[in-house]
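As a plain string of letters, each chain reads:
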Amino acid sequence: MNAEKFAKTWIESWNSHDLDDIMKHYSEDIEITTPMIKLAAGIESGSLEGKEQVRAYWEKALQKIPDLHFELKEVTSGVNSVALYYKSVMNKMAIEVMFFNENGLVNKMIAHYTDL
């Protein structure tokens, strides 16, 4: 896997606001954990599971933040994983660690932000 290529495509997908294009990066059994879920949706665990739940959450987020724009700063790679460091919403810096399944799709994502 080419981490730089993935990161570029992932950022472009998010900046396009095209939810179908965004979702192509994720597996059906995707699990995401982010403080944004706790903040925006009031879900104490900060986690969602399954592509349908994640898609519904991101659809609302894109509607709420129509000017969403991510700016990639750094890409790191690990074993079947990447970590992206980027400027996110509300001018917060984010580190997002994504783990890939055998088909090259993200099946787990954990996000960290500068203080929310």
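Data block above holds the structure.
One structure accompanies this document, and this report is about it. Every value quoted in this text rests on a predicted model; they were computed, and no experiment measured them. (Residues numbered from 1 in each chain as written. Predicted model: local features only at pLDDT ≥ 70, side-chain atom pairs only at ≥ 80, totals over all residues. Heavy atoms only, no water.)

**Some thoughts on the side chain of serine 27**
- Along the chain, serine 27 falls in strand E1 (residues 26-33).
- In this structure serine 27 touches Lys51, Asn101, Leu105, Val106 and Asn107, once residues within four positions along its chain are discounted. (Helix = DSSP H or I, 4+ residues; strand = E, 2+ residues; numbered from the N terminus. Contact = heavy atoms within 4.5 Å.)

**Some thoughts on unusual backbone geometry**
- Unusually for a residue other than glycine, histidine 17 sits at a positive phi of about 65°.
- Inspection of the secondary structure puts histidine 17 in the loop between helix H1 (3-16) and helix H2 (19-23).
- Judged by its relative accessible area of 26%, histidine 17 falls in the partly exposed class.
- Positioned with a positive phi, methionine 90 is a non-glycine residue whose angle comes to about 55°.
- Its place among the elements puts methionine 90 in the loop between strand E4 (81-87) and strand E5 (93-100). (Buried < 20%, exposed > 50% of the residue type's maximum accessible area, 1.4 Å probe, protein only.)

**A word on the pairing of E5**
- Sheet topology places E4 next to E5; 7 bridges connect them, and they run antiparallel. Counted as the bridge partner of tyrosine 85 is isoleucine 95 from E5.
- Across 7 bridges, the pairing between E5 and strand E6 (residues 106-113) is antiparallel. The residue of E6 that forms the bridge with methionine 98 is methionine 109. (Pairing = 2+ DSSP bridges.)

**What to know about the sheet that holds E5**
- Spatially, the 6 strands line up as an open sheet ordered E2-E1-E6-E5-E4-E3, and their pairing is mixed. Looking at which strands have only one partner, the edges of the open sheet turn out to be strand E2 (47-49) and strand E3 (71-78). Direction aside, neighbouring strands of the sheet carry axes that sit 20° apart on average.
- On top of the sheet, helix H4 (residues 51-64) reaches E1, E2 and E6; it is set at about 60° to E1, its chief contact. (Axes fitted to C-alpha atoms, helices over the stretch in contact; angles between N-to-C directions.)

**Observations concerning the pattern of salt bridges**
- Evaluated as defined, the whole model comprises 6 salt bridges.
- Across the pair glutamate 28 and lysine 51 runs a salt bridge, and its minimum N-O distance is 4.0 Å. Placement of the pair is glutamate 28 in strand E1 and lysine 51 in helix H4, with a sequence separation of 23 residues.
- A residue is classified by how much of its surface remains accessible, and glutamate 28, at 62% relative accessible area, is exposed.
- Residue glutamate 44 pairs with lysine 38 through a salt bridge whose shortest N-O separation is 3.0 Å.
- Look at glutamate 44 and you get exposed, because its relative accessible area is 60%. (Salt bridge = Lys/Arg side-chain N within 4 Å of Asp/Glu carboxyl O.)

**Some details on the layout of surface pockets**
- In this structure, the largest pocket spans a volume of roughly 510 Å³.
- Secondary structure elements with two or more residues in the lining of the largest pocket: H1, helix H3 (35-41), H4 and E6.
- The element best represented in the lining of the largest pocket is H4, accounting for 7 residues.
- Classifying every residue of the lining of the largest pocket gives 21 nonpolar, 2 polar and 3 charged. (1 Å grid on protein atoms, 1.4 Å probe; cavity = no way out; pocket = protein on both sides within 12 Å on 5 of 7 lines; lining within 4 Å. Points joined across faces, edges and corners; volume = space filled by probe spheres on them. Nonpolar A, V, L, I, M, F, W, Y, C, P; charged D, E, K, R; others polar.)

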